[in-house]
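Observations on the three-dimensional arrangement
If you want the building blocks of each chain, they are given just below.
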Amino acid sequence: MPTPSAEVDVDVPLVRALLHDQHPDLAGLPLEVVANGWDNVVLRLGADLAVRVPRRAVAAQLVEHEQRWLPEIAARVAPVVPVPQPVRVGRPGPRYPWSWSVVRWLPGAPIGERAAGVPVAEALAAFVGLLHVPAPADAPLNPFRGVPLATRSDAVLARLDTAEVPRAVELAAAWRTAAALPAHTGPPVWVHGDLHPFNLLVERPDGDDRLSAVIDFGDVTAGDPAVDLATAWLTLDRQGRHAFRALVTVPDTTWGRARGWAIALASALATADDRAFRSVARRSIDAVLDG
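These remarks concern the structure in this document. Just so you know, these numbers come straight off a predicted model, no measurement behind them.

**Observations concerning the overall build of the protein**
Counting its secondary structure elements, the protein contains ten helices and ten strands. Its C-alpha atoms give the protein a radius of gyration of 19 Å, near enough to 19 Å, the size a compact globule of 291 residues would have. Overall, the protein is about 55 × 40 × 40 Å in size when its C-alpha atoms are taken along their principal axes. Every one of the 291 residues in the protein was classed for burial, and the buried ones make up 53%. Here the contacts in the protein between residues at least 6 apart in sequence split such that 71% fall between residues at least 24 apart. Roughly 12500 Å² of accessible area belongs to the protein as shown, and the carbon and sulfur atoms make up 55% of that amount.

Right, dumping it as structure tokens:
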């Protein structure tokens, strides 16, 4: 699955012009592109800030969700880890059609290809424990995350019918088992929706990874907490996975759906054009199938 083409080319001159127009007190700070993802471009602004700018229309509403809901979520999870709560809101300008945000620059680097151990598992368990509470009636709904697994079967099985996904036959059997489990019956809870190792930042103050931030809440939604618990296979090593599962008390059927979400997300990463994503996919698939 190649990275989608940008619908607007976001670069330093464009973002500096937006800052001059809407937040002139920030416009003179150093500005550089540090990430150009599927949906957003992230630019570092001075030492302490970042600018998060959608590059596709589909991401524009997701940024508005972050602007609306991240202050509440940030306060909830603050005892464990910071999140990129917007500190300034940007609106469409003469050369740019969508909302955008100025957020705090958060410490650390993505976990990425390395599987994380017990300290990160413990912090993640505390994070989801604070986040996974019943969401308000007007919380955003994401048609791709936190939904019943069966609704994703066509897309997942189509990916598993290609040569791009390792161990696809085994994964298809595991997916069908997970998708047949009872759906989430409790109230929809807040979920991050994309809790994989490229959205988790760590620092190493004493030689061990320590969770320093959770980023990219573009997929934040109300739904089944199992989608976030898939991080057990996507992010953690065997010891970390065992610690995480011991600390997160949910029914076995929820863990079964979480394993299904790990298959869904790992199979998507396996078809990416980014080598690091494919590396995480291979590691996650082995974790799902081998325990």
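**Quick word on helix α4 (residues 153–160)**
The set of residues buried in α4 consists of S153, V156, R159 and L160. Down the axis of α4, the buried set is contained in an arc of 135°. They therefore lie on one face.

**As for the pattern of salt bridges**
For the coordinates displayed, the defined rule picks out 14 salt bridges. The closest approach of N and O atoms between R114 and D209, which form a salt bridge, is 2.7 Å. Here R114 is found in the loop between β6 (109–110) and α3 (118–131), whereas its partner D209 is found in the loop between β8 (200–203) and β9 (210–214), with 95 residues between them in sequence. Residues participating in the shared-partner salt-bridge network are R167, E170, D286 and D290.

**Focus on the nonpolar core**
Within the largest apolar cluster, 73 residues are counted, with the highest numbers of intra-cluster contacts made by F127, W190, V214 and F244. No other element matches helix α9 (residues 252–270), which puts ten residues into this core. Setting aside its immediate chain neighbours within four residues, F244 contacts A121, L124, A125, V128, L229, T231, A232, L236 and W255. Of all hydrophobic cores here, the second largest spans 20 residues; its members include L14, V15, L31 and V41.

**Quick word on the side chain of H132**
Here H132 shows up in the loop between α3 and α4. By relative accessible area, which is 18% here, H132 ends up buried. Within polar-contact distance, the side chain of H132 engages the side chain of D228 at 2.9 Å. Excluding its chain neighbours within four sequence positions, the residues that come into contact with H132 are V189, W190, V191, P225, D228 and L229.

**Some points on the sheet that holds strand β4 (residues 86–90)**
Across the sheet, five strands lie side by side as β1-β2-β3-β5-β4; this open sheet has antiparallel pairing. Looking at strand neighbours, the two that pair on one side only are β1 (31–36) and β4, the edges of this open sheet. Ignoring strand direction, the axes of neighbouring strands in this sheet form an average angle of 25°. Sheet analysis places strand β3 (residues 49–54) next to strand β5 (residues 100–104), joined by four bridges and oriented antiparallel. Note on β5: the bridge partner recorded for V51 is V102. Each of β1, β2 (40–45), β3, β4 and β5 touches helix α1 (residues 12–22); the most contacted strand, β1, lies at about 120° to it. Strands in contact with helix α2 (residues 57–77) are β2, β3, β4 and β5; relative to β4, the strand with the most contacts, it is inclined by about 135°.

Criteria and thresholds
Per chain, residue numbering runs from 1 following the sequence as it is written. Local features in a predicted model are, by the rule used here, given only for residues with pLDDT of at least 70; side-chain atom pairs are given and counted only at 80 or more, and totals for whole chains, interfaces and linings are based on all residues. In computing side-chain values, all of the structure's heavy atoms are included and hydrogens and water are not. Secondary structure counts use DSSP, requiring at least four H or I residues in a row for a helix and at least two E residues in a row for a strand, with both numbered from the N terminus. The globule rule used here is 2.2 Å times the number of residues to the 0.38 power, and the radius of gyration it is set against is calculated over C-alpha atoms. For each residue, the accessible area found with a 1.4 Å probe, counting protein chains only, is set against the maximum for its type, and the residue is called buried under 20%, exposed over 50%, and partly exposed in between. Whether two residues are in contact is decided by their heavy atoms, any of which lying within 4.5 Å being enough. The Shrake-Rupley method, run with a 1.4 Å probe sphere, supplies the accessible areas, and residue values consider only the shown protein chains as cover. Working definition: the arc comes from the directions between the helix axis and the C-beta atoms, pointing outward to the latter. By definition, a salt bridge exists where a carboxyl oxygen of Asp or Glu is found within 4 Å of a side-chain nitrogen of Lys or Arg. Definition of nonpolar core: a set of buried residues of the types Ala, Val, Leu, Ile, Met, Phe, Trp, Tyr and Cys, connected through side-chain atoms within 4.5 Å. Residues adjacent in sequence count toward polar contacts only when both atoms are side-chain atoms; beyond that, a polar contact is any pair of N or O atoms within 3.5 Å, and within protein one must be able to donate a hydrogen and the other to accept it. One requirement defines pairing of two strands: DSSP has to find at least two bridges between them. Note on geometry: axes are lines fitted to C-alpha atoms, helical ones only across the stretch in contact, with angles between N-to-C directions running from 0 to 180 degrees.

These figures come from the coordinates and say nothing about function on their own.
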